[in-house]
Amino acid sequence: MFAKDIYVARRNELKQKMESGLIILFGNNDASTNYPANTYRFRQDSTFLYYFGQKRDGLVGVIDVDNNREYLIGNDIDIDDIIWMGYTPSVADLAAEVGVEHSAPMSELQKIVNSAKSMGQQIHFLPQYRHDIMIQLSDLVGIHPLTTKDNASVKLIKAIVDMRAIKKPEEVEELKKAADIGYLMHTTAMKECKPGVTEKYVAGIIEGIAMSLGEKYSFQSILSMHGEIQHGYPSTRPMEAGRLMLCDAGAESMEHYCSDNTRVTPISGKFTMQQRGIYSAVEAAHDWVIENSKPGIKWFDIHMGACRIITDHLKQLGLMKGNTDDAVAAGAHAMFMPHGLGHMMGMDVHDMEGLGQVYVGFDDEVRPSTQFGTNCLRCGRRLQPGFVMTDEPGCYFIPHLIDLWKGQGMHKDFINYDEVEKYRNFGGVRLEDDIIITQTGCEVIGDKIIPYHIDDVEAFIAR
């Protein structure tokens, strides 16, 4: 937990932005896996953590802007809970730890909301991603559970996005801690990558590192020889000589800040000439992003710049043809890179995505694209100092997509399908690092950079 004054300052800033109304911020409850007592590992809601800091389940934060009153709502635990889970401080004590003056049992929440409504106050709440909270919220404010997203407060969403998007020094320190764990995860995966070892074995080892050194892994690890599958989760398939292992994984610090990196390792220890060509295209795009990201630049333009670099390299390899700008404008490159360049990152690995990507990554100036591939870009707005972004260009050969586009004659003026067939079983390459926008440019987060230049990767494996 950060110092109490940090949470007080955050809530005060939120009150200033909101000006009036009653704000309700739900913490999470325990969630069962296959029977009630067997629960998933608890993870607190990120926005609740940002403003109220406490990691216990069953809590709700309330901010009465008009009357300048704050509440931490929740039930104290009883002796049965203590027997099984150990002692937990009272809700009043938890409130005091983060500078909240008032606490109350959950039964009082409805009374607080009813009183606010009777006084004509607007009730502000966020979109919910857990159905139990949707039901609780619907009971509180008298709407159908499935309409809670449509009735969420846009003003509250925008205020929170404005605050959480700019990472303060204490947050950057946590991001660095997560990056340090991520470094160990990925370098361990590179060491363990060899013929005969299963994908699941490697993933299990690196997720164990995240669990032992931090809070947990920041998302389910993507680790597969089939790098062309965007979410290729590990299987019991043994690694095969001559192929590539794509590992997209990250850690979460004890204060719930994330890392997210991707590396590609030649299972035999060295890249083939064909693999070097595709890898170099992605490597060049990755490095160009770091060189050109700075305040005032639209992330949409950075994305398009990376796509042009990959297209230029694919033209050199004979896989694409024609004018690069025309090919990218038409979306021909998206057969090879059908996703966006990167996303905001912080307490959520896709930071604040649950609040609505249109509010997080876009604004009145830059709107989401509807073009295939570019429509998966999660952020397009102008960069500001303190933004944390993932730099993750990729190049993939997806057999079903190749067959579909080839059969439809899609972008035949820009794609050499005969040459593409030679790469049908290639897989995919993605390189990803986390960058923070500074006053003049950007920096890669973390004291150590996970090896990714071709010669460095081969030398690391050889050692």
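See above for the structure.
Just so it is clear, the structure is predicted and the values come from calculations on it, not from any experiment. (Residues numbered from 1 in each chain as written. Predicted model: local features only at pLDDT ≥ 70, side-chain atom pairs only at ≥ 80, totals over all residues. Heavy atoms only, no water.)

K.L.:
Help me get a handle on the overall build of the chain, residues and values and all.
P.N.:
The helix and strand inventory of the chain stands at 16 helices and 17 strands. Taken against the 2.2 N^0.38 rule, which gives 23 Å for 463 residues, the C-alpha radius of gyration of the chain at 24 Å falls within 12% of a compact globule. With the C-alpha coordinates of the chain rotated into their principal frame, the extents come out at 70 × 50 × 40 Å. Once local pairs closer than 6 in sequence are excluded, the contacts in the chain between residues at least 24 apart make up 73%. Only carbon and sulfur atoms are counted for the fraction: they give 51% of the accessible area of the chain, which is about 19700 Å². For the chain, the centre of its 46 positive side-chain charges and the centre of its 64 negative side-chain charges are spaced 3 Å apart. (Helix = DSSP H or I, 4+ residues; strand = E, 2+ residues; numbered from the N terminus. Rg over C-alpha atoms; globule rule 2.2 N^0.38 Å. Contact = heavy atoms within 4.5 Å. Areas by Shrake-Rupley, 256 points an atom, 1.4 Å probe, with all protein chains shown as cover. Lys, Arg positive; Asp, Glu negative; His and termini not counted. Charge placed at Lys NZ, Arg CZ, Asp CG, Glu CD.)

K.L.:
Describe the nonpolar core, naming the residues involved and giving the relevant values.
P.N.:
The biggest cluster of nonpolar side chains holds 120 residues, and the ones touching the most others in it are Leu14, Trp299 and Phe397. Looking at which element gives the most residues to this core, the answer is helix 11 (residues 299-316), with eight residues. Not counting residues within four places of it along the chain, the set of residues in contact with Trp299 comprises Val289, Ser293, Leu341, Gly342, Leu377, Cys379, Gly380, Arg381, Leu383, Met389, Thr390 and Ile435. Grouped together as the second largest cluster of nonpolar side chains are 18 residues, Ala189, Ala210, Leu223 and Cys247 included. (Core = buried A, V, L, I, M, F, W, Y, C linked by side-chain atoms within 4.5 Å. Buried < 20%, exposed > 50% of the residue type's maximum accessible area, 1.4 Å probe, protein only.)

K.L.:
Quick rundown of the pairing of strand 16 (residues 433-437)? Include the residues and the values.
P.N.:
The element strand 16 is largely enclosed, with a buried count of five among its five residues. The alternating pattern of strand 16 places Asp433, Ile435 and Ile437 on one face and Asp434 and Ile436 on the opposite face, and all of these are buried. Where strand 13 (residues 388-391) meets strand 16, four bridges bridge the pair, whose relative direction is antiparallel. Across the sheet, Val388 pairs through a bridge with Ile436, a residue of strand 16. Bridge count for strand 16 against strand 17 (residues 442-444) is three bridges, and the pairing is antiparallel. The residue bridging Ile436 from the neighbouring strand is Glu443, located in strand 17. (Pairing = 2+ DSSP bridges.)

K.L.:
Provide a residue-level description of the packing of aromatic side chains, including the pertinent values.
P.N.:
Following the criterion strictly, the structure yields ten aromatic pairs and no others. Ring centres 6.2 Å apart and planes at 55° place the aromatic pair Phe2 and Tyr257 in the tilted group. Of this pair, Phe2 sits in the segment before helix 1 (4-18) while Tyr257 sits in the loop between strand 11 (251-252) and strand 12 (261-266); the two residues are 255 residues apart in sequence, bridging distant segments of the chain. Between Phe48 and Phe52 the ring centres are 5.4 Å apart and the planes differ by 20°, which places this aromatic pair in the stacked class. (Phe/Tyr/Trp six-rings, centres within 6.5 Å; stacked < 30°, edge-to-face > 60°.)

K.L.:
Provide a residue-level description of the side chain of Glu215, including the pertinent values.
P.N.:
Of note, Glu215 is situated in the loop between helix 9 (199-213) and strand 8 (216-217). Using a relative accessible area of 13% as the deciding quantity, one classes Glu215 as buried. Those residues in contact with Glu215, other than ones at most four positions away along the chain, are Arg41, Phe42, Ala210, Glu252, Ser253, Met254 and His256.

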